[in-house]
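Close look at the chain arrangement
Listed below, chain by chain, are the residues.
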Amino acid sequence: MSEVTLNKVIKKYGEVQVIHGIDLEIKDGEFCVFVGPSGCGKSTLLRMVAGLEETTEGQINIGARDVTREDPSQRGVAMVFQTYALYPHMTVRDNMGFGLKMNGHPKAEIKEKVAEATRILKLEEYLDRKPAALSGGQRQRVSIGRAIVRGPEVFLFDEPLSNLDAELRVEMRVEIARLHKEIGATMIYVTHDQVEAMTLADKIVVLRLGKIEQVGSPMELYRDPDNKFVAGFIGSPAMNFLEGTLGEGGSVNVPALQEDISTGVGGNAGTKVSFGIRPEHLTIDPNGTSFKVDMTESLGGVSYAYLQAHTGERLVVEERGDERSRAGDVVGVSFAHTRAYVFDALSEMRLR
Ligand code: ADP
Ligand code: MG
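Residues numbered from 1 in each chain as written. Chains lettered and ligands numbered in written order. Predicted model: local features only at pLDDT ≥ 70, side-chain atom pairs only at ≥ 80, totals over all residues. Heavy atoms only, no water.

1. Concerning the overall build of the chain
The secondary structure content of the chain amounts to 8 helices and 20 strands. The C-alpha extent of the chain, read off along each of the three principal axes, is 75 × 45 × 35 Å. Across the 352 residues in the chain, those meeting the buried criterion constitute 48%. Within the chain, contacts between residues separated by at least 24 positions form 65% of all contacts whose residues are at least 6 apart in sequence. For the chain, the exposed surface amounts to about 16,900 Å²; the carbon and sulfur share of it is 49%. Of the charged side chains in the chain, 41 are positive and 50 negative; the average position of the first set lies 6 Å away from that of the second. (Helix = DSSP H or I, 4+ residues; strand = E, 2+ residues; numbered from the N terminus. Buried < 20%, exposed > 50% of the residue type's maximum accessible area, 1.4 Å probe, protein only. Contact = heavy atoms within 4.5 Å. Areas by Shrake-Rupley, 256 points an atom, 1.4 Å probe, with all protein chains shown as cover. Lys, Arg positive; Asp, Glu negative; His and termini not counted. Charge placed at Lys NZ, Arg CZ, Asp CG, Glu CD.)

2. Description of the environment of leucine 24
The residue leucine 24 is located in strand β2 (residues 16–26) in this model. Leucine 24 sits in the buried class, given a relative accessible area of 6%. Excluding residues that lie within four positions of it along the chain, leucine 24 makes contacts with Val4, Thr5, Leu6, Phe34, Val205, Ile212 and Val215.

3. Some points on the domain arrangement of the chain
Size of an interface: often given as the accessible area lost when the parts come together. Looking at the chain, the domain boundaries give domain 1 (4–232) and domain 2 (238–351). Measuring from the centre of the C-alpha atoms in domain 1 to the corresponding centre in domain 2 gives 38 Å. Opposite the 11 residues of domain 1 that make contact, domain 2 presents 12 residues. Summed over the three residues of domain 1 that lose the most area to domain 2, namely Tyr222, Lys228 and Ala231, the buried surface amounts to 56% of that side. Along the contact surface separating domain 1 from domain 2 lie 1 salt bridge. Summed over the shared surface of domain 1 and domain 2, the result is 8 residue pairs in polar contact (both at pLDDT 80 or more). Residues that form the side of domain 1 that touches domain 2 fall into these classes: 4 nonpolar, 2 polar and 5 charged. (Domains from an automatic or database assignment. Buried area = accessible area lost by both parts, 1.4 Å probe. Salt bridge = Lys/Arg side-chain N within 4 Å of Asp/Glu carboxyl O. Polar contact = N/O pair within 3.5 Å; in protein donor to acceptor, adjacent residues only side chain to side chain. Nonpolar A, V, L, I, M, F, W, Y, C, P; charged D, E, K, R; others polar.)

4. Comments concerning the site of ligand 1
Near ligand 1, the surroundings consist of Tyr13, Val18, Pro37, Ser38, Gly39, Cys40, Gly41, Lys42, Ser43 and Thr44. Backbone polar atom of cysteine 40 to an oxygen atom of ligand 1: 3.2 Å apart, as the coordinates give it. Threonine 44 is positioned such that a nitrogen or oxygen atom in its side chain is 2.5 Å from an oxygen atom of ligand 1. Contact with the protein chains covers 56% of the free accessible surface of ligand 1, which is 560 Å². Broken down by element, the residue count for the shell around ligand 1 peaks at 3 residues, all from helix α1 (residues 42–50). Residue classes in the shell around ligand 1 are distributed as 4 nonpolar, 5 polar and 1 charged. (Near = heavy atom within 4 Å.)

5. A word on the layout of surface pockets
What the largest pocket holds in volume is close to 500 Å³. Secondary-structure elements contributing two or more residues to the lining of the largest pocket are β6 (77–80), α2 (92–102) and α4 (136–149). With 4 residues, the top contributor of residues to the lining of the largest pocket is β6. Across the lining of the largest pocket, the residue classes tally to 14 nonpolar, 5 polar and 2 charged. (1 Å grid on protein atoms, 1.4 Å probe; cavity = no way out; pocket = protein on both sides within 12 Å on 5 of 7 lines; lining within 4 Å. Points joined across faces, edges and corners; volume = space filled by probe spheres on them.)

Next comes the structure, spelled out in C-alpha cells:
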C-alpha cells in the first residue's frame, strides 16, 4: 500500500517559515492535486515528499514507512518536472532506461520496462529519436516514461504541462488521467491551474501562504467552499462577490442587487459580508435587477457579459441562449437564492 501521510509538516528556510504545519492523508491509488497561487508552497511541499527538500519539523509516511529522513532514492517515488531535463545526446529509449542502467538493473529487465512504458505512452515510433527531434509534448511523455520505468509507489508531478501550448496541454491532461487509470498508482500533482485541478483530481488540496485552505473532491470544493479564497479560486470565470450586510433571520442586504435576499445563514445583524454568486448561476431576466453591460466576450457556445451595478460593482454573467446581451445594453439579472454564498467580509469565512 502506498498512501502518503503528512503529519504537522513544517518547512523553514533559515528564519523564514514557508510551510506552516500541514496535516494531510492521501489514499493509496488516489490522484491528489496541490493547487494554489504562485509562491504558496506547492513545489516545496512536493519536494519534501520526494526528499529533495529537508523537512524541518513533522513526519512524512509512505505506506507504513516513516520516510522523513530517507534519501530520495529510498522513498519509492518518481518525480516529473516542468522542464523535461532529458539527456540531449541519448535516444528516447536510452533516456527512459538510463536510471535503471545506472542502478545496475539487468539489460533484459530494462528492455521489458522500457517497452511497457513505451506502450502506455504510445512512444513506439520515437524510440530511436533524440530529444531535439521531438515536440514539447513528446518530450514530456518521455520524462513521464522515465518515471514509469522505475515502477514507483508514488508519482510526483510539478506543473508538468506548464511549458506546453494550450492545445497540447489539454491533450496531455487527458493522457495523464488515462495513465493514472491504467497504472492505478498514488499520484500527487502540483499546478496553479484550477482547471487542471478540477479535471484531474480525486482530491484537491487548496494551498495559500503555506497553509491548507480546504481539502475535498473537485465538486465538494465547487459546491461547498469553506471560505472566500476557495470560492474565488475554484470555478472559471471566478465567483462574483458583492458587498452586503447581514440583517435579521439570515437575510442579506445587497445594495448592488437592490434587494434583501433571504439566505438562512447565521450571524449577527449588521455584520459586513461578501455575497458570492457564480457567473453560471446568474440569468439575464427582464424582471431582475438592472445592470449596465460594459463588455461581452463570446466563446461561441457560451458568452460572458461584464456588468456594472448602480453601486459601481462589477459582475460576470454566463449566457448560452440564442439571445445574448451587447455592450451598452441595460439588462435585468436574477438568480436562485439557494445558489448564493455568504462570507464574513473580515474573516472571509463562509457563513452557513
Ligand atoms: P509554489 O510552487 O507554490 O509557487 P514554492 O514552493 O516554490 O511555491 O515557494 C514557496 C515559498 O518558499 C515562496 O515564498 C518562495 O519564495 C520560498 N522559497 C522557495 N525556495 C526557497 C529557498 N531555497 N530559500 C528561501 N525561500 C524559498
Ligand atoms: Mg512551484
